[in-house]
Amino acid sequence: MSDAIKYRMGTTITEHLLQSEDEFPAATGQFTQLLNELITGAKLISREINKAGLLADLLGLTGEINVQGEKVRKLDEFADHVFIWRMQRSGLLCALSSEENEGVIRVPDNLPRGNYVIIFDPLDGSSNIDANVSIGTIFSIYRRIEGVPCGTVENFLRRGSEQVAAGYFLYGSSTMLVYTVGNGVHGFTLDPSVGEFLLSHPHIRMPEQGKIYSVNEANSMYWDERTRAVIDYFKSGRTHLGKPYTSRYIGSMVADFHRNLMYGGIYMYPGDSGKPSGKLRLLCEAAPMAFIAEQAGGAATDGRRRILDIKAGSLHERTPLFVGSRQDVEKATAIMQGHGL
Ligand code: P6P
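On a predicted model such as this, the values are computed, not experimentally measured, just so you know.

Some thoughts on the overall build of the protein chain
Thought 1: Each helix and strand counted, the protein chain has 8 helices and 15 strands in total.
Thought 2: If one aligns the C-alpha atoms of the protein chain with their principal axes, the spans along those axes are about 55 × 50 × 45 Å.
Thought 3: For the protein chain, restricting intrachain contacts to residue pairs at least 6 apart in sequence, the fraction spanning at least 24 positions comes to 62%.
Thought 4: Summed over its atoms, the accessible surface of the protein chain is roughly 14300 Å², and 50% of this surface lies on carbon and sulfur atoms.
Thought 5: When the 35 positive and 39 negative side-chain charges of the protein chain are each reduced to one mean point, those points stand 3 Å apart.

Okay, structure coming up:
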């Protein structure tokens, strides 16, 4: 069979996971089913995002404030409801947690439960929706802790190194799924003509060093001296390029992360005098992105510790984040620790 025909036939998620099932127990049939439920949710959200501009009732704010203290947008709420509904009916989850919701979300007693818990950010970067800028969904999956009742928060207060899977959907010029079960990072692109995610980026590797830094420099007056020194380094002639990195900041972490995954680079959301622990959530943003980064040859720290070593103390705990190309993250972390200028 020619490559042209093979390409046209495409590799689906289910086929791809079955191929990895032997080597990686995490890629079990149950996980395949769970991922396919996530995919159904993402297709529903992608459909609404792609026509949001045409349906004014889907744009704008709901008037509510979420647990993060952020204004809730109509598509935020829609995405949150879609994933909660689909995940509760997957039959594979013991409980779930959403960035939009204060506490653990139970699986109703009349629905079948399973051995996994999932943490997700239903629509990250949603402040960009009305401007038609790429946004994303981030998910992180753990096996439940044996003997711990489903609805208790202990099932979620884990080290990122315990994740069995992590990934994101990127609703951009195309809708993509990027995921890992610990066997590398693989990208799938939604082919709207057949309604399937087809393998488009097998075994994604992040360049060892990049040429792009992503940070919101409007926060610079709140940074401490070492944080300022990190960003000054990437803006100096001392980089491996012998010149400054390019600055790119979309304000949607999934989009910034994905570009750096493809091209190389570092995304930073440091702590500052106003937000000592930064803005990003450990469980539903930093840990899944750190798992993906490391599986693609990159790295992720909080400026001191490896993100995947940090045990969450609460569901919505925030953390400073330096994530991306390994040597760039190591350099930033060294400067944050007072070395390596
Ligand atoms: P700021 C979106 O709310 C988010 O969590 C990330 O996706 C994004 O990178 C960051 O916050 C943007 O925050 O403070 O730069 O607007």
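Topic: the site of the ligand
Thought 1: Around the ligand lies a shell of 13 residues, among which D124, Y249, M253, Y267 and Y269 are the nearest.
Thought 2: E285 is positioned with one of its side-chain polar atoms (N or O) 3.1 Å from an oxygen atom of the ligand.
Thought 3: In the complex, the protein chains occlude 82% of the 400 Å² of accessible area that the ligand would expose alone.
Thought 4: Residue composition of the shell around the ligand, grouped by class: 5 nonpolar, 4 polar and 4 charged.

As for helix 5 (residues 225-234)
Thought 1: Buried within helix 5 are the following residues: T227, A229, V230, I231, Y233 and F234.
Thought 2: Regarding helix 5, its N-cap is D224, as a side-chain oxygen of that residue lies 3.2 Å from the backbone nitrogen of R226 further along.

A short note on the environment of D121
Thought 1: Its place among the elements puts D121 in strand 5 (residues 116-124).
Thought 2: Leave out the neighbours within four places in its chain, and D121 touches E99, G136, T137, I138, R281, C284 and E285.

Here we look at helix 4 (residues 74-88)
Thought 1: The terminal C-alpha atoms of helix 4, which comprises 15 residues, lie 21 Å apart, in line with the 21 Å expected from a rise of 1.5 Å per residue.
Thought 2: Those residues of helix 4 lying buried are L75, D76, A79, D80, V82, F83, I84, M87 and Q88.

Re the state of the cysteines
Thought 1: In total, this model carries 1 disulfide according to the counting rule given.
Thought 2: Unpaired in this structure, C284 has its nearest cysteine sulfur neighbour in C94, at a distance of 19 Å.

Some thoughts on the pairing of strand 9 (residues 186-191)
Thought 1: Bridge count for strand 8 (residues 175-180) against strand 9 is 4 bridges, and the pairing is antiparallel. Within the sheet, the bridge partner assigned to M176 lies in strand 9 and is T189.
Thought 2: Hairpin connection between strand 8 and strand 9: a loop of 5 residues separates the two successive antiparallel strands, and G182 in this loop has a positive phi of roughly 100 degrees.
Thought 3: Pairing of strand 9 with strand 10 (residues 196-201), which is carried by 5 bridges, proceeds in the antiparallel orientation. Within the sheet, the bridge partner assigned to F188 lies in strand 10 and is L199.
Thought 4: Between the end of strand 9 and the start of strand 10, which pair antiparallel, lie 4 residues, with G195 showing a positive phi angle near 70 degrees.

With respect to the sheet that holds strand 6 (residues 135-143)
Thought 1: An order of 4-3-5-6-7-8-9-10 is seen for the 8 strands of this open sheet, with the pairing classed as mixed. The open sheet terminates on both sides in strands that have one partner only, identified here as strand 4 (105-106) and strand 10.
Thought 2: Strand contacts of helix 4: strand 3 (93-98), strand 4, strand 5, strand 6 and strand 7 (165-171), with the helix running at about 160 degrees to strand 5, the strand carrying the most contacts.
Thought 3: Its contacts with the sheet place helix 6 (residues 253-263) against strand 5, strand 6, strand 7, strand 8 and strand 10, and it is angled at close to 105 degrees to strand 7.

Some words on the pattern of salt bridges
Thought 1: Under the defined criterion, the tally for this structure stands at 13 salt bridges.
Thought 2: Where R306 meets E294, a salt bridge forms, and the shortest distance between an N and an O atom there is 2.8 Å. Note that R306 is positioned in the loop between strand 14 (299-301) and strand 15 (321-324) and E294 in helix 7 (residues 282-295), a separation of 12 residues in sequence.
Thought 3: On the basis of relative accessibility, which here comes to 34%, the residue R306 falls in the partly exposed class.
Thought 4: By relative accessible area, E294 is classed as partly exposed at 22%.
Thought 5: Between E330 and R326 there is a salt bridge, and its shortest N-O distance comes to 3.5 Å. Of the two residues, E330 and R326 are both situated in helix 8 (residues 326-336); the distance of 4 residues between them amounts to about one turn of the helix.
Thought 6: On the accessibility criterion, E330 (42% relative accessible area) is partly exposed.
Thought 7: Owing to a relative accessible area of 28%, R326 belongs among the partly exposed residues under this scheme.
Thought 8: Bridged by salt links that share partners, the residues E99, R281 and E285 form one connected network.

Observations regarding the domain arrangement of the protein chain
Thought 1: In terms of domain boundaries, the protein chain breaks down into domain 1 (7-201) and domain 2 (212-336).
Thought 2: For domain 1 versus domain 2, the distance between C-alpha centres works out to 23 Å.
Thought 3: Facing 48 residues of domain 1, the contacting portion of domain 2 comprises 32 residues.
Thought 4: With both chains or domains summed, domain 1 and domain 2 bury close to 2900 Å², and 63% of this area falls on carbon and sulfur atoms.
Thought 5: Considering only the side of domain 1, the residues that lose the most area to domain 2 are I138, L157 and Y168, jointly responsible for 20% of the buried surface there.

Some thoughts on the side chain of N155
Thought 1: Here N155 shows up in the loop between strand 6 and strand 7.
Thought 2: Those residues in contact with N155, other than ones at most four positions away along the chain, are C94, V117, R144, I145, V148, P149 and C150.

Calculation rules
- Residues numbered from 1 in each chain as written.
- Predicted model: local features only at pLDDT ≥ 70, side-chain atom pairs only at ≥ 80, totals over all residues.
- Heavy atoms only, no water.
- Helix = DSSP H or I, 4+ residues; strand = E, 2+ residues; numbered from the N terminus.
- Contact = heavy atoms within 4.5 Å.
- Areas by Shrake-Rupley, 256 points an atom, 1.4 Å probe, with all protein chains shown as cover.
- Lys, Arg positive; Asp, Glu negative; His and termini not counted.
- Charge placed at Lys NZ, Arg CZ, Asp CG, Glu CD.
- Near = heavy atom within 4 Å.
- Polar contact = N/O pair within 3.5 Å; in protein donor to acceptor, adjacent residues only side chain to side chain.
- Nonpolar A, V, L, I, M, F, W, Y, C, P; charged D, E, K, R; others polar.
- Buried < 20%, exposed > 50% of the residue type's maximum accessible area, 1.4 Å probe, protein only.
- Expected span 1.5 Å × (residues − 1).
- Disulfide = S-S within 2.5 Å.
- Pairing = 2+ DSSP bridges.
- Axes fitted to C-alpha atoms, helices over the stretch in contact; angles between N-to-C directions.
- Salt bridge = Lys/Arg side-chain N within 4 Å of Asp/Glu carboxyl O.
- Domains from an automatic or database assignment.
- Buried area = accessible area lost by both parts, 1.4 Å probe.

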